[in-house]
Amino acid sequence: MNRMKDLQKNLFGGTTSNARQFGMIFTLVAIVLLFQILTAGLTLTSGNLIAVVSQYSYILILAIGMLMVIVAGHIDLSVGSVAAFTGIIVAKAMEEYSLSWPLGILLGLLVGVLIGAWQGFWVAYIGIPAFIVTLAGMMLFRGGNQYIGNADTVPVPEGFREIGAGFLPEAGPDTGYNNLTLLLGLAACAGLVWREFKARQTRHEMKADVAPLWITGIRLAVMIGVIVFATLRFAGGRIGTSLPISGIILIVLVLAYSYYTRNTIGGRHIYAVGGNARAAELSGVKLKRVNFLVMMNMSVLAALAGMIFVARSAASGPQDGLSWELDAIAAVFIGGAAVSGGLGTVSGSIVGGLVMALLNNGLQLEGVGSDMVQIIKGLVLLLAVAFDVYNKSQGHFSIIGALMRPLRRDDATAMPKEPQPPVPDTDTTKVAG
């Protein structure tokens, strides 16, 4: 009996979590299994999984930036237009001025920085709500895209296309798989094991509660099993395809931003501002700088997402970026962010984005029309948030609230010892979105 309680308490979340905290992950698994049955096994084929990552990586990249914006208590409606505006500038520069594609990428990132600085200035230093600033930006940069491109499509060179349509190359002996993808999966498994035991060692040193070793072993076995399955799927695609380059970019960003938001002072300041901006400012947080950098970061990631989309499409066009902001916002809220700010994780937003991506993919494989796809996606978003808000208001289990508990408690032990702004207890002060 005690072993069952230990397993329920620690398997997926350490000493302060349990399996219910991973409701969104279970939802994702349920969607995959449902469509795997309905499509007669097409959902989990190598070709389909590779296509999903290639087609939706730019939305997941946007979700990372949008998570930080929403956690800080803002919203950004301009990301689709910023992506399209950046895409046309880069495409025009490479076509008309023979700019090399590496310099084209740098130009695109610079455009993102400048746009982010523009919007961040109005939000942080003038005090105009981000909703208004980015609504203006949505119209401004959409018009700029059509003006610069003259409403035409502009092709991009072959080298540039690799960031959106390229894959890890074939290398080494013929194993029937893409060897570089196999090595990447092996490195991920090794990193996971190292991280798990490093965390156990840290908790031992802090004299904190440590999950039994056998539970750690089960948890590692489950996660490694998922990594191995995904690695074999991506490595086993048809010759010339494997893990997309855009997927690698996404993985790097997820790791970097997860570390930043969970383990750095700057990341904790974003949560403090979203939890209670006034209290954070009184505690020494530079409120204007945090808001400025959050808005700038969002535009840089939007510029990157726009370039990846243009690279995959082989051309920039006037319809690029339409409704991207809605998909990114939906991914963040489904992944557990609170409407009022202060709550959310990068990994949760990625899970939310995958829920939407695989739902969209499965419906397309089933031949459902685009009109019904939009209706179903809208209902999923509304019901996911409404269900959690209802449970929270009734004092019942809240998926979103539970998902955030490790962030509020466990991560607090990893914060620097210098004074930090207090983050309010959201269980009593907020209704999670």
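Bear in mind that the values here come from a model prediction, so they are computed numbers and not experimental data. (Residues numbered from 1 in each chain as written. Predicted model: local features only at pLDDT ≥ 70, side-chain atom pairs only at ≥ 80, totals over all residues. Heavy atoms only, no water.)

Regarding the overall build of the protein
Across its full length, the protein carries 18 helices and two strands. Relative to its 433 residues, the protein shows a buried fraction of 50%. Long-range contacts, defined here as pairs at least 24 residues apart, represent 77% of the contacts in the protein between residues at least 6 apart. As displayed, the protein offers around 20100 Å² of accessible surface, 67% of which is attributable to carbon and sulfur atoms. (Helix = DSSP H or I, 4+ residues; strand = E, 2+ residues; numbered from the N terminus. Buried < 20%, exposed > 50% of the residue type's maximum accessible area, 1.4 Å probe, protein only. Contact = heavy atoms within 4.5 Å. Areas by Shrake-Rupley, 256 points an atom, 1.4 Å probe, with all protein chains shown as cover.)

Let's talk about helix α4 (residues 79-96)
Here α4 spans 26 Å end to end across 18 residues, near enough to the 26 Å set by a 1.5 Å rise per residue. When you tally the buried positions in α4, you get 16 out of 18 residues, the bulk of the element. Backbone geometry just after α4 places Ser98 at a positive phi near 55°. (Expected span 1.5 Å × (residues − 1).)

Concerning the confidence of the model for the protein
Taken over all residues, the pLDDT of the protein has a mean of 84, while the share at 70 or more is 84%. The low-confidence segment residues 12-21, where pLDDT is below 50, has 31 contacts with residues more than four positions distant or belonging to other chains. (pLDDT = per-residue confidence, 0-100.)

What to know about the layout of surface pockets
In this model, the second largest pocket occupies a volume close to 520 Å³. Looking at the second largest pocket, it is lined by 24 residues, and the ones nearest its centre are Tyr56, Asp327, Asn360, Gln374 and Lys377. Elements that contribute at least two residues to the lining of the second largest pocket include exactly α3 (46-71), α14 (324-334), α15 (346-365) and α16 (370-393). When residues in the lining of the second largest pocket are grouped by element, the largest group, six residues, is from α16. Its residues placed into classes, the lining of the second largest pocket shows 14 nonpolar, eight polar and two charged. (1 Å grid on protein atoms, 1.4 Å probe; cavity = no way out; pocket = protein on both sides within 12 Å on 5 of 7 lines; lining within 4 Å. Points joined across faces, edges and corners; volume = space filled by probe spheres on them. Nonpolar A, V, L, I, M, F, W, Y, C, P; charged D, E, K, R; others polar.)

Some points on the nonpolar core
Judged by nonpolar contacts, the single largest core of 70 residues is most densely connected at Ile61, Leu62, Ile64, Met66, Leu67 and Phe160. If you tally residues by element for this core, the top one is helix α13 (residues 287-313), at 14 residues. Counting 24 residues, the second largest nonpolar core, distinct from the first, contains Met24, Ile31, Leu243 and Leu363. (Core = buried A, V, L, I, M, F, W, Y, C linked by side-chain atoms within 4.5 Å.)

What about the environment of Phe229?
Tracing the backbone through its elements, the reader meets Phe229 in helix α9 (residues 213-235). Exposure remark for Phe229: the relative accessible area of 41% places this residue in the partly exposed category. A C-alpha to C-alpha distance of 9.5 Å links Phe229 and Gly185, two positions 44 residues apart in sequence.

Remarks on unusual backbone geometry
With a phi close to 70°, Ala314 is a non-glycine residue in the positive phi region. Position of Ala314 relative to the elements: it lies in the loop between α13 and β2 (315-316). Take Ala314: its relative accessible area is 22%, and that puts it in the partly exposed class. Located in the positive-phi region is Ser323, a residue other than glycine, with phi close to 65°. In this structure, Ser323 sits in the loop between β2 and α14. Exposure remark for Ser323: the relative accessible area of 40% places this residue in the partly exposed category.

With respect to a nonpolar patch on the surface
On the surface, Trp214, Ile218, Val222, Met223 and Val226 cluster together into a nonpolar patch covering about 380 Å² of accessible area. Position of Trp214 among the secondary structure elements: in helix α9. The class for Trp214 is partly exposed, based on a relative accessible area of 30%. (Patch = residues over 30% accessible without salt bridge, like charges linked within 9 Å, V, L, I, M, F, W, Y side chains within 5 Å. Salt bridge = Lys/Arg side-chain N within 4 Å of Asp/Glu carboxyl O.)

Details of the pattern of salt bridges
As enumerated under the stated definition, the model contains five salt bridges in all. Across the pair Arg219 and Glu196 runs a salt bridge whose closest N-O atoms are separated by 2.5 Å. Taken as a pair, Arg219 in helix α9 and Glu196 in helix α8 (residues 179-205) lie far apart in primary sequence, 23 residues in all. Among the residues examined, Arg219 registers a relative accessible area of 10% and is labelled buried. Look at Glu196 and you get buried, because its relative accessible area is 10%.

Some points on α8
Its 27 residues give α8 an end-to-end C-alpha distance of 39 Å, which sits within 8% of 39 Å, the value for a rise of 1.5 Å per residue. All of the buried residues in α8 are Asn179, Thr181, Gly185, Cys189, Leu192, Glu196 and Arg200. Among the residues of α8, the N-terminal cap falls to Asn178, whose side-chain oxygen and the backbone nitrogen of Leu180 are separated by 3.3 Å. Of the residues one or two after α8, Lys207 is the one with positive phi, at around 60°. (Polar contact = N/O pair within 3.5 Å; in protein donor to acceptor, adjacent residues only side chain to side chain.)

Focus on the side chain of Ser81
Looking at where Ser81 falls in the secondary structure, it is placed in helix α4. Judged by its relative accessible area of 3%, Ser81 falls in the buried class. Looking at Ser81, its side chain comes within polar contact range of the main-chain oxygen of Met138, at 2.8 Å. Dropping the residues within four chain positions of it, Ser81 is found in contact with Gly137, Met138, Phe141 and Arg142.

A short note on the side chain of Asn179
With respect to the helices, strands and loops of the structure, Asn179 is situated in helix α8. Exposure remark for Asn179: the relative accessible area of 11% places this residue in the buried category. A distance of 2.6 Å separates a polar side-chain atom of Asn179 from the backbone oxygen of Ala171.

Here we look at the packing of helix α11 (residues 265-275) against α13
The N-to-C vectors of α11 and α13 enclose an angle of 105°; their axes lie 10 Å apart at closest approach. Considering the angle they form, α11 stands roughly perpendicular to α13. Residue-level contacts link His269, Ile270 and Val273 of α11 to Leu287, Val290, Asn291 and Val294 of α13. Looking at the contact of α11 with α13, its residues break down into five nonpolar, two polar and no charged. (Axes fitted to C-alpha atoms, helices over the stretch in contact; angles between N-to-C directions. Parallel < 35°, antiparallel > 145°, perpendicular 65-115°, else oblique.)

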